[in-house]
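Chain by chain, the residues run as shown.
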Protein chains: 2
Amino acid sequence: MNLYIAFVNIFLYIIVSCDASGTDIALDAKATLLHRIDSLNLLIYTCLLTLTVLTIWVFKHRRVSWLHETGLAVIYGLIVGAIIRYGSSTNEITYIDAHPDPDSKYNLSVPPDMVRFHFPDKIQVTGDASIPNKTYAYSFRGEIVNVEQNEIDLKATFDPEIFFNIILPPIIFHAGYCLKRKYFFRNLGAILTFAMVGTALSALVIGSLMYGFVQLMPASLASSFTFLDTLYFGALISPTDPLTVLAIFSQLKVDVNLYAMIFGESVLNDAVALVLSGAIQNYEKRYSTDGEFEITAFLAAIGDFIGIFSLSLIVGALMGCLTALMTKFTHVRDWPLLESALFVLMSYAAFLIAEVCELTGVVAVLFCGICQAHYTYNNLSADSRNRTKQLFELLNFLAENFIFTYIGVSMFTFPKHHFDPWFIIAGFLTSTLGRAVNIYPLSFLLNLGRKPPIPMNFQHMLFFSGLRGAMSFALAIRNTVSEARQAMLTTTSLIVIATVVLQGGAATHALAYLRIPTGYELSQGQNEESDALPFRDVRNDSQRGSGDSGSEKARLAKLWGAIDSRLLKPLLTHARPPLTETLPAFFRPLARLLTTTRQYTQGDNNGLRRTDSDSDLCIDEPQPVPTSIDPQQLWPGLVDTRISVEGITGSNI
Amino acid sequence: MNLYIAFVNIFLYIIVSCDASGTDIALDAKATLLHRIDSLNLLIYTCLLTLTVLTIWVFKHRRVSWLHETGLAVIYGLIVGAIIRYGSSTNEITYIDAHPDPDSKYNLSVPPDMVRFHFPDKIQVTGDASIPNKTYAYSFRGEIVNVEQNEIDLKATFDPEIFFNIILPPIIFHAGYCLKRKYFFRNLGAILTFAMVGTALSALVIGSLMYGFVQLMPASLASSFTFLDTLYFGALISPTDPLTVLAIFSQLKVDVNLYAMIFGESVLNDAVALVLSGAIQNYEKRYSTDGEFEITAFLAAIGDFIGIFSLSLIVGALMGCLTALMTKFTHVRDWPLLESALFVLMSYAAFLIAEVCELTGVVAVLFCGICQAHYTYNNLSADSRNRTKQLFELLNFLAENFIFTYIGVSMFTFPKHHFDPWFIIAGFLTSTLGRAVNIYPLSFLLNLGRKPPIPMNFQHMLFFSGLRGAMSFALAIRNTVSEARQAMLTTTSLIVIATVVLQGGAATHALAYLRIPTGYELSQGQNEESDALPFRDVRNDSQRGSGDSGSEKARLAKLWGAIDSRLLKPLLTHARPPLTETLPAFFRPLARLLTTTRQYTQGDNNGLRRTDSDSDLCIDEPQPVPTSIDPQQLWPGLVDTRISVEGITGSNI
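Residues numbered from 1 in each chain as written. Chains lettered and ligands numbered in written order. Predicted model: local features only at pLDDT ≥ 70, side-chain atom pairs only at ≥ 80, totals over all residues. Heavy atoms only, no water.

**With respect to the overall build of chain A**
No. 1: Across its full length, chain A holds 29 helices and 3 strands.
No. 2: Per-residue burial over chain A gives 59% buried out of 653 residues.
No. 3: Across chain A, contacts joining residues at least 24 apart in sequence account for 80% of those joining residues at least 6 apart. (Helix = DSSP H or I, 4+ residues; strand = E, 2+ residues; numbered from the N terminus. Buried < 20%, exposed > 50% of the residue type's maximum accessible area, 1.4 Å probe, protein only. Contact = heavy atoms within 4.5 Å.)

This is the structure:
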């Protein structure tokens, strides 16, 4: 990283020494310098990611389990961030104070987009500033709140909006695209409860507790936080991102229902938290004066939340279905490249349409991903299936590791951190408590109506999987204007780093300690070798009604399964039975139009089974060596051999 | 597109009506509006690309050959650009004139990075502008040359730098990655001559002729162009982009040597033109006063050109070789996702390192792509081969179509066009002449030393394939400060559009008219079914010396083949013979270190043949229906059946 210093110094020198050759060349040199600093920043992250990839390989090769790739990315980020912070010289931004022309014709109260700045060649020499030599354009950046503290130093940092527009969409789309929908729908009740009610509850509890904590602190701090601020903190710290835990689950072949609950919840609560924080900000905008509750504004915020969430969902789902129709009724599958391009463009369009309509693009892209996997995937050619799967897997991998690296680096380089020990301690305590409030009471309520209840050790594991990640960080870094928001960013970064590194590292031990069954080969095998093994999908379940293990499924899933298998799947894919069989006689002519010859001609179930996306879409990393960590080895004495037997029986609920 | 107008109007209205609720909310609304306009712009391009993809499918389905996908993208772009231009209201940027504070401590002659602008709440009301109410930050954009003409209207346009940093790299990398290296090296002499000497010659001829033309025009125009300006125009209009022609070649299975010459030349002349134009600009910067030649500066420019080109080449090649070493000596191939990520990151790092070192990233990425294909590809796991191939194929497809769509749209929406009929006519004439000067004299010279000479009809086809494309446009739009540069942009856009649509559409007819042999199944088959057919690679050729058809190969290729097969391939891949056999005894211990067990154990040639990248990397779009256009059908009477026989014999040189 000494390169960094060297470059900056050399080029600052060049800028200064170019003085004699005229302003234009100095400006060119400055633009070049800026471009090179940008490239250097990107290069730093590229090298960090390369290093992470190589270390992950070494760890996998040597079967190290106490540190996951995301933890690794964070740690590398921290190290490089510290080097950049303390090892390199600062590259201060030059600024000048300016006033509007007295005879300006501008008469709006909003500041203009651009300032035409009449800059004298040499201020000190001419003395008379009223004769401009050159005019430069300056574009609007934002308000300066604290005029003194303006040494903006943007080393190795990016505009926070790139997270929402570039980094998060592929991560969230991939989560939707590779969701194990069979188990997701089977546990839909629990997942929705945890994600919707749980996240809102957690946000409220964390927000209230934090407000209480803040009131106990010195007056200067207490006054800078409103209740809405702490509520916003509650909303942003509530979504979980149990990447590390899930990677270990998939490695140790943990019970798929537990996996589905944790994964499904984390996918949905990202979306919920994003919309929730938006609603809180809208509320704040409407009544920004005192932070007191007003009942109409509160209701409007709830309306906002529900409206934006459901409209985004609809936009995403519609775009997914539209892609399914396009791929069903055209022969674009003969040209896989065109088909893949269409798939990517339509999915991206879902994001953009939602953003243009002032909805939440990330939520739209999530549900678009789910629909693409559930319907479109079945229509795609083998080449496109493979290509889209691998493309988004790679994008997801790079984006995830980038964001965790960035969390580490920005801890040192982002200029707007505010370390407040009390707020940080309070943040850690309340976020733990918020997770507990999310899991235990709701599990208790769910168990009242759920046939095979969620066992206590599963609840503990759900609580333990409450790692914080990308979404929390992205929301925290989005707005750092006030000191309160800066304290929130610092606290969020620290919580993310601590949970990812420590909790992520301890996940294997937690599994053993909580006696969660591992090595659950059967269901895992179903996914991996679906072509060979008999495969039971949602549709068959719903037709069999309450079959052998149908009783534990949520009612919602049953209803949905019926609509899905009798209307949507035949309409949007080549699946059997065709619409001509499932729709009432009245719709027969329409149904005939919407049924392809392939649907008539193929066998009843074989075609569907072979091509159903859920079976081969779930992406588990290939494991060249079957790993099996012996709990005995990790916790000698604590665990006896009974566990694995007990576990498999216990999980077979 | 009426949506566009509606949105802009509605939100301008909201901004104005928000006046009462305070400046902060107005600013928020404005930021939201800008974000939505950005999203809308992206959405327009996404929809255009989707439309292009669907139309391409229809065209392929109906076997339309008179319009290629890039032509289609341009035409759709033109239509939508016209609608945006004439159909929507303008969204003018507000601006204000400003002066520096008299007591400012700023004392550099370079304009500051940022202006702290003290903005009074109501200029008209208070009257006294010296009492600031709020301070806003404005960041530097550039110099305003013409103060009057400042209604900057950035509808559906992007920063030109995105072409060099985002759009071109994947296109160029893909070109390098899927280069048919066997035929490339076989025609290396001709390709290098056309690309290096030819492009420079063409730039010089076009530049001089244009300067002459400009001198004949009205004085006002003549004075605005220096010789360096027209030379820059020559450099930017010289690179060819025969996408359309090559697509038709691959469809009609035209002689592979002709294909290799046209493709290889277009890949290299992009790089040459980019570095050449950079050298001209550097020259301009150094002696920007009068545009006269100075011998030292001219030599410095040539030094610049050679230095930057070869250093960029070295950076790219080294990064490619480093990736090969990493994939050879680690077992990262056991985890294909990690391997693919490493591959992508290293390739991107090549681009960034070159940019940081003030070299040309695009050139680095081209040679990195060639090395990755030639060495790294052989070490990759099957999954990674497939993934990287498909990933870059998709990126290339999207980037190419985006750039051609953008060329169409920007024709109407980019604010800095300058239509000058004389300059446009001169541009068309000289660019055609420049292509002729590139091909015919150089072919004559080449034929003096080349055993099987380049036949006349091949020369005509080389001339005809001089379509202009992405690189010319990107170079032209990069700098539009002066009127001269704006006239160049307009002329370049028109040349690109005309050549892509008209020449591209006429390519099939030109092939028939020039009696170029088509349906050249043998060599095409070699590439597609390499596993089944005996495959003769560079290495075998070089060992056999001047074998059956070895005499036509350039000497350069022979030397290179020896180094490649005896040193580089065994060092960087698992290919046989191992270094222990090829290196002198002195290096034996080192050679043993660098040889993997796989190299010792595998059979002599089978392994290499099966895995050599050239055989399966060349990406031809899958053709579900074998197409064969009968020349008779296109040019009845002109072409007799003798052609196909003659053709196949003629091409079998």
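**So, the nonpolar core**
No. 1: Judged by nonpolar contacts, the single largest core of 303 residues is most densely connected at F163, F249 and M461 of chain A together with F163, F249 and M461 of chain B.
No. 2: Here F249 of chain B is in contact with V254, L258, Y259, I262, M461 and L511 of chain B, once residues within four sequence places are set aside.
No. 3: Y138 of chain A together with I96, Y136 and Y138 of chain B belong to the second largest nonpolar core, which has 12 residues in total. (Core = buried A, V, L, I, M, F, W, Y, C linked by side-chain atoms within 4.5 Å.)

**What to know about the pattern of salt bridges**
All names here are of chain A.
No. 1: Under the definition given, this model contains 12 salt bridges over all chains.
No. 2: The partner of E161 in a salt bridge is R478, and the shortest N-O contact between them spans 3.0 Å. Placement of the pair is E161 in helix α5 (residues 161–177) and R478 in helix α18 (residues 470–478), with a sequence separation of 317 residues.
No. 3: The exposure class of E161 is partly exposed, given its relative accessible area of 26%. (Salt bridge = Lys/Arg side-chain N within 4 Å of Asp/Glu carboxyl O.)

**Topic: helix α3 (residues 69–87) of chain A**
No. 1: Here α3 of chain A is 19 residues long and its end C-alpha atoms lie 26 Å apart, about the 27 Å a rise of 1.5 Å per residue gives.
No. 2: Listed as buried for α3 of chain A are E69, T70, G71, L72, A73, V74, G77, V80, G81 and I84 of chain A. (Expected span 1.5 Å × (residues − 1).)

**Thoughts on the packing of aromatic side chains**
Aromatic ring pairs are reported here in terms of the distance separating the ring centres and the angle at which the planes meet.
Residue and element names in this part refer to chain A.
No. 1: A complete count under the given rule lists 46 aromatic pairs over all chains for this structure.
No. 2: With 5.8 Å between their ring centres and 40° between their planes, Y45 and Y406 make a pair best called tilted. Within this pair, whereas Y45 is found in helix α2 (residues 23–61), its partner Y406 is found in helix α15 (residues 382–413), the two being separated by 361 residues in sequence. Grouping residues by exposure puts Y45 and Y406 together as buried.
No. 3: On the numbers, 6.2 Å between centres and 80° between planes, the contact of F173 with F343 is edge-to-face. You can see F173 sitting in helix α5 and its partner F343 sitting in helix α13 (residues 336–356), a full 170 residues away along the chain.
No. 4: With relative accessibility at 2%, the residue F173 sits in the buried group. (Phe/Tyr/Trp six-rings, centres within 6.5 Å; stacked < 30°, edge-to-face > 60°.)

**Re the confidence of the model for chain A**
All names here are of chain A.
No. 1: Summarising the model, chain A shows a mean pLDDT of 75, and 73% of its residues fall at 70 or more.
No. 2: Between residues 148–152, whose pLDDT stays under 50, and residues either more than four places distant or in other chains, the model counts 6 contacts.
No. 3: Scored below 50 in pLDDT, residues 522–552 makes 52 contacts in the model with residues more than four places away or belonging to other chains.
No. 4: For this predicted complex, the interface score ipTM comes out at 0.80, while the overall pTM is 0.81. (pLDDT = per-residue confidence, 0-100.)

**Some details on unusual backbone geometry**
Residue and element names in this part refer to chain A.
No. 1: Within the chain, E358 stands out as a residue other than glycine whose phi angle is a positive 60°.
No. 2: Along the polypeptide, E358 turns up in the loop between α13 and α14 (361–379).
No. 3: Owing to a relative accessible area of 42%, E358 belongs among the partly exposed residues under this scheme.

**Quick notes on the packing of α13 of chain A against α15 of chain A**
All names here are of chain A.
No. 1: The geometry of α13 relative to α15 is characterised by a closest axis approach of 9 Å and an angle of 45° between their N-to-C directions. Here α13 lies oblique to α15, going by the angle between them. For the element pair α13 and α15, the recorded crossing hand is right-handed. Contact residues: P336, L337, E339, S340, F343 and V344 in α13; D383, S384, R387, T388, L391 and F392 in α15.
No. 2: Of the residues belonging to the contact of α13 with α15, the class tally is 6 nonpolar, 3 polar and 3 charged. (Axes fitted to C-alpha atoms, helices over the stretch in contact; angles between N-to-C directions. Parallel < 35°, antiparallel > 145°, perpendicular 65-115°, else oblique. Left-handed = near helix turned anticlockwise from the far one by under 90°. Nonpolar A, V, L, I, M, F, W, Y, C, P; charged D, E, K, R; others polar.)

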